[in-house]
Amino acid sequence: MTSRKKNTITLIILSVVLLICLLLYFLMPDRKKEEADGDKDNGQITVDTIAADTIETISFEKDGKTVWSLKRSKENWKMAEDDSIPVNEEKVSAITDALNPVTATEKMETISGGLENYGLKTPAMKLSVTAKDGREYVYEIGLKVPKENKGYYSKSNAGNTVYCLNDALISSVDIPRNSIIQMDSLPSIETDYMTYIRVNNRKGSDFEAKRVSDKEKVDFYSNWNITKPYARPLATSASKWNTTLGYFNALTYTELVEYRANDLKPYGLDTPSSVITIKYYQAQEGYTPSVTATPSTVVTGDSSAEAAYVIPKDKREYKTLVLSVGDKTGDSYYVCENGSTNIYKMNGDVVENMTKLDAYESMDHCVYSVLATSIKGYDVAYDKTLLQVTRTPVKNDEASKQETPAPSQDKGTAVENAADKSQKNIWKLNGKKISDKDENDFLTPYSQAYLLEYTGKAEDGEQTVKDTTPVLKMVFHEENRDVTVKFLPYDGTNFYRVDKDGMDYFLVDKLLVDDVIEKFKGIEKLG
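Rules used throughout
Residues numbered from 1 in each chain as written. Predicted model: local features only at pLDDT ≥ 70, side-chain atom pairs only at ≥ 80, totals over all residues. Heavy atoms only, no water. Core = buried A, V, L, I, M, F, W, Y, C linked by side-chain atoms within 4.5 Å. Buried < 20%, exposed > 50% of the residue type's maximum accessible area, 1.4 Å probe, protein only. Helix = DSSP H or I, 4+ residues; strand = E, 2+ residues; numbered from the N terminus. Contact = heavy atoms within 4.5 Å. Pairing = 2+ DSSP bridges. Axes fitted to C-alpha atoms, helices over the stretch in contact; angles between N-to-C directions. Phe/Tyr/Trp six-rings, centres within 6.5 Å; stacked < 30°, edge-to-face > 60°. Lys NZ or Arg CZ within 6 Å of the ring centre and 35° of its normal. Expected span 1.5 Å × (residues − 1). Arc of directions from axis to C-beta. Parallel < 35°, antiparallel > 145°, perpendicular 65-115°, else oblique. Left-handed = near helix turned anticlockwise from the far one by under 90°. Nonpolar A, V, L, I, M, F, W, Y, C, P; charged D, E, K, R; others polar.

**Student:** Explanation requested: the nonpolar core in the structure shown.
**Tutor:** It is characteristic of soluble globular proteins that their nonpolar side chains tend to be buried jointly. Formed by 107 residues in total, the largest nonpolar core has its most connected members in Leu 99, Tyr 378, Phe 442 and Phe 487. The element best represented in this core is helix 8 (residues 439–450), accounting for five residues. Contacts of Phe 442, omitting those with residues within four sequence positions, involve Tyr 378, Val 389, Trp 427, Leu 429, Ile 434, Ile 523 and Leu 526.

This is the structure:
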């Protein structure tokens, strides 16, 4: 074989080898790239995969001290140091979800300088996880990576490789011990099932109100009496009282501060600033009020309001909730339930709505809110004049039922939405019957008095008129009682003081009362 042929064959062989090498270079995957891609999940590097059902214990340390430690007990989690402490399973689920898998934003193939540059010589945090098979995962966590959303420098017990552990894992475990403890829950109380509210304040006025029987009612239409701060009870406002009750019906804690506190003094709960008491009832276990039951007849002041369904008395379970309020901290207050030493925070606005109630704002501002057609009669005295009015209902065969306008909310929404015109009223003034044609004029003064409302609180130091003789006295004869209302001199210019069955805490516009007197003078001749 000639030299030229040998060279040609050699060249062909080398070309084939080169071609094979090129094919292998382009067709075979890059090992490093393959390994890196295998460790990545949606742009994140998978460090470990720890399934939740394989975990036996989890603990977290910070600055060399154990913050919290958990252990599995069958299907539930417990605090490692005391398995009687209830655990918030949702918080634990957030932690176990972040461990499956444990991800990093970067894997440091080489590190510059020593571990101290990454905060890993004396790590600030440590997360430890043990699995049921005995395997242990330990992550030492150092400084936060200076680049945004890159996580924290970390290394595991599997080697000396430094990872940038994901922020999501760190934020799920770097939480206080108390946040893992299950908070107590306060009852959500239907306002229609409340029977009593009391707020005792160390400073300022106390407040008390209770649901009352018909015999105890101050006002014909209000089944709640405000019994503090005044010595005499006040009727509640139909339009405002439900708002007041709403402050007490859905209370929640915002944060657990200390579980089983040994000392209440740091929170101001050794001598509470306020003590809130709520009495209520709920259905006994096993009894559920049905949608077919008779709705509550409690007057709410809002005909569109959805009243709770009646729970029969023999199916009720009566309960009492007592909350102590301590010091204010930021926009919250420390609170503690009676019989517990667990200290919580509660929203400041919620607490102040309950503890700073003003009886005047919650009361019915109507001086007297019963329609003339709902009482037996009334007496009116002014100057030296006495008018005595009586009402006698009689059958009216020619009339039929028709609707009449309902009064405003604070005039009693349950007054007479539909008057029975098959019945006629015979009115008499000082024994003399009022004719049909004079009836409207005759009732005008009462209608004017019916509209009178309190305009403010009476202050004894501001009273300038010493005369206590009533300028107008009205006695209303209801079915089972008399109600006496006196309008007394106050400042001689703007107001009269009102005395309603001895309750004389409020004022009324003087000009409006003077106008009522003039209207009564206008019907004197009818008697």
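Resuming the write-up.
**Student:** What should I look at first to understand the pairing of strand 24 (residues 423–429) in this one?
**Tutor:** Here is the key point about a regular strand: its side chains alternate between the two faces of the sheet. Across seven bridges, strand 21 (residues 385–395) lies against strand 24 in antiparallel orientation. Across the sheet, residue Arg 391 finds its bridge partner in strand 24, namely Trp 427. Hairpin remark: strand 24 followed by strand 25 (residues 432–433), antiparallel, with two residues in the connecting loop; positive phi at Asn 430, about 50 degrees.

**Student:** Looking at this model, I keep getting lost on the sheet that holds strand 28 (residues 482–489). Mind explaining?
**Tutor:** In any sheet, the strands associate via hydrogen bonds between backbone groups, in a parallel or an antiparallel arrangement. What the nine strands build is an open sheet, ordered 25-24-21-20-27-28-29-30-26; its pairing is antiparallel. Whereas interior strands pair on both sides, the edge strands pair on one side only; in this sheet they are strand 25 and strand 26 (454–457). In this structure, strand 28 lies alongside strand 29 (residues 495–500), joined through five bridges in antiparallel fashion. Note that in strand 29 the partner of Lys 486 across the bridge is Asp 499. Packed on one face of the sheet, helix 8 meets strand 20 (377–382), strand 21, strand 24 and strand 27 (472–477) and runs near 80 degrees to strand 24.

**Student:** Can you help me understand the sheet that holds strand 14 (residues 234–235) in this one?
**Tutor:** Pairing in this open sheet of nine strands is antiparallel, and the strands run 14-13-12-11-16-17-18-19-15 from one edge to the other. Looking at which strands have only one partner, the edges of the open sheet turn out to be strand 14 and strand 15 (255–258). Of the pairings in the sheet, the one linking strand 13 (residues 224–228) to strand 14 comprises two bridges and is antiparallel in character. Note that in strand 14 the partner of Ile 226 across the bridge is Leu 234.

**Student:** Help me out: how do you make sense of the packing of aromatic side chains in this one?
**Tutor:** One pair of aromatic rings is described through two measures. These are the centre distance and the angle between the planes. All told, the structure shown has 17 aromatic pairs when counted by the stated rule. Ring centres of Tyr 267 and Tyr 334 lie 4.9 Å apart, and the angle between their planes is 70 degrees; on these two criteria the pair is classed as edge-to-face. With Tyr 267 in the loop between strand 15 and strand 16 (274–283) and Tyr 334 in strand 18 (residues 332–337), this pair connects stretches of sequence that are 67 residues apart. In terms of burial, Tyr 267 and Tyr 334 fall into one category: buried. Grouping aromatic residues by their ring pairs yields a cluster made of Tyr 230, Tyr 360, Tyr 454, Tyr 505 and Phe 506. The cationic tip of Lys 279 hangs over the ring face of Tyr 196; the distance from NZ or CZ to the ring centre is 5.0 Å. When the ring centre of Tyr 281 is taken as origin, the NZ or CZ atom of Arg 316, which lies over that ring, is 4.1 Å away.

**Student:** Looking at this structure, how should I read unusual backbone geometry?
**Tutor:** It is generally the case that most residues other than glycine have a negative phi and that most peptide bonds are trans. For the bond running from Asn 100 to Pro 101, omega is 5 degrees, close enough to zero to count as cis. The residue Arg 260 is not glycine, and still its phi comes out positive at about 55 degrees. For Arg 260, the location among the structural elements is in the loop between strand 15 and strand 16. Given a relative accessible area of 38%, Arg 260 falls into the partly exposed group. With phi around 55 degrees, Asp 501 is a residue other than glycine that occupies positive phi space. Assignment of secondary structure puts Asp 501 in the loop between strand 29 and strand 30 (503–509).

**Student:** Can you walk me through the pairing of strand 6 (residues 102–108) in this structure?
**Tutor:** Within strand 6, five of the seven residues are buried, which leaves the element mostly enclosed by the surrounding structure. Pairing geometry for strand 2 (residues 44–48) and strand 6, over three bridges, is antiparallel. The residue bridging Thr 46 from the neighbouring strand is Thr 103, located in strand 6. Summarising the sheet, strand 6 and strand 10 (residues 162–165) pair through four bridges and their orientation is antiparallel. Bridge assignment links Ala 104 to a residue of strand 10, and that residue is Leu 165.

**Student:** What is the right way to look at helix 8 in this model?
**Tutor:** Because the α-helix completes a turn every 3.6 residues, residues three or four places apart line up on one side. Relative to the 16 Å expected for twelve residues at 1.5 Å per residue, helix 8 spans 17 Å between its end C-alpha atoms, a close match to the ideal helical length. Restricting attention to buried positions, one finds in helix 8 the residues Phe 442, Leu 443, Pro 445, Tyr 446, Ala 449 and Tyr 450. Down the axis, helix 8 shows its buried residues gathered within 150 degrees of arc, on one side only. Opposite the buried face of helix 8, at more than 90 degrees from it, the exposed residues are Asn 440 and Asp 441. Of the surrounding elements, those touching the buried residues of helix 8 are strand 20, strand 21, strand 24, strand 27 and helix 9 (510–521).

**Student:** What exactly am I supposed to notice about the packing of helix 8 against helix 9 here?
**Tutor:** Packed helices, taken two at a time, are described by the angle between their axes plus the distance between the axes. In contact at an axis separation of 8 Å, helix 8 and helix 9 are set at 165 degrees when each is read in the N-to-C sense. Between helix 8 and helix 9, the angle falls in the class roughly antiparallel. The handedness of the crossing between helix 8 and helix 9 is left-handed. Across the interface between the two elements, Thr 444, Pro 445, Tyr 446, Gln 448 and Ala 449 of helix 8 pack against Asp 515, Val 516, Lys 519 and Phe 520 of helix 9. Partitioned by chemical class, the residues of the contact of helix 8 with helix 9 number five nonpolar, two polar and two charged.

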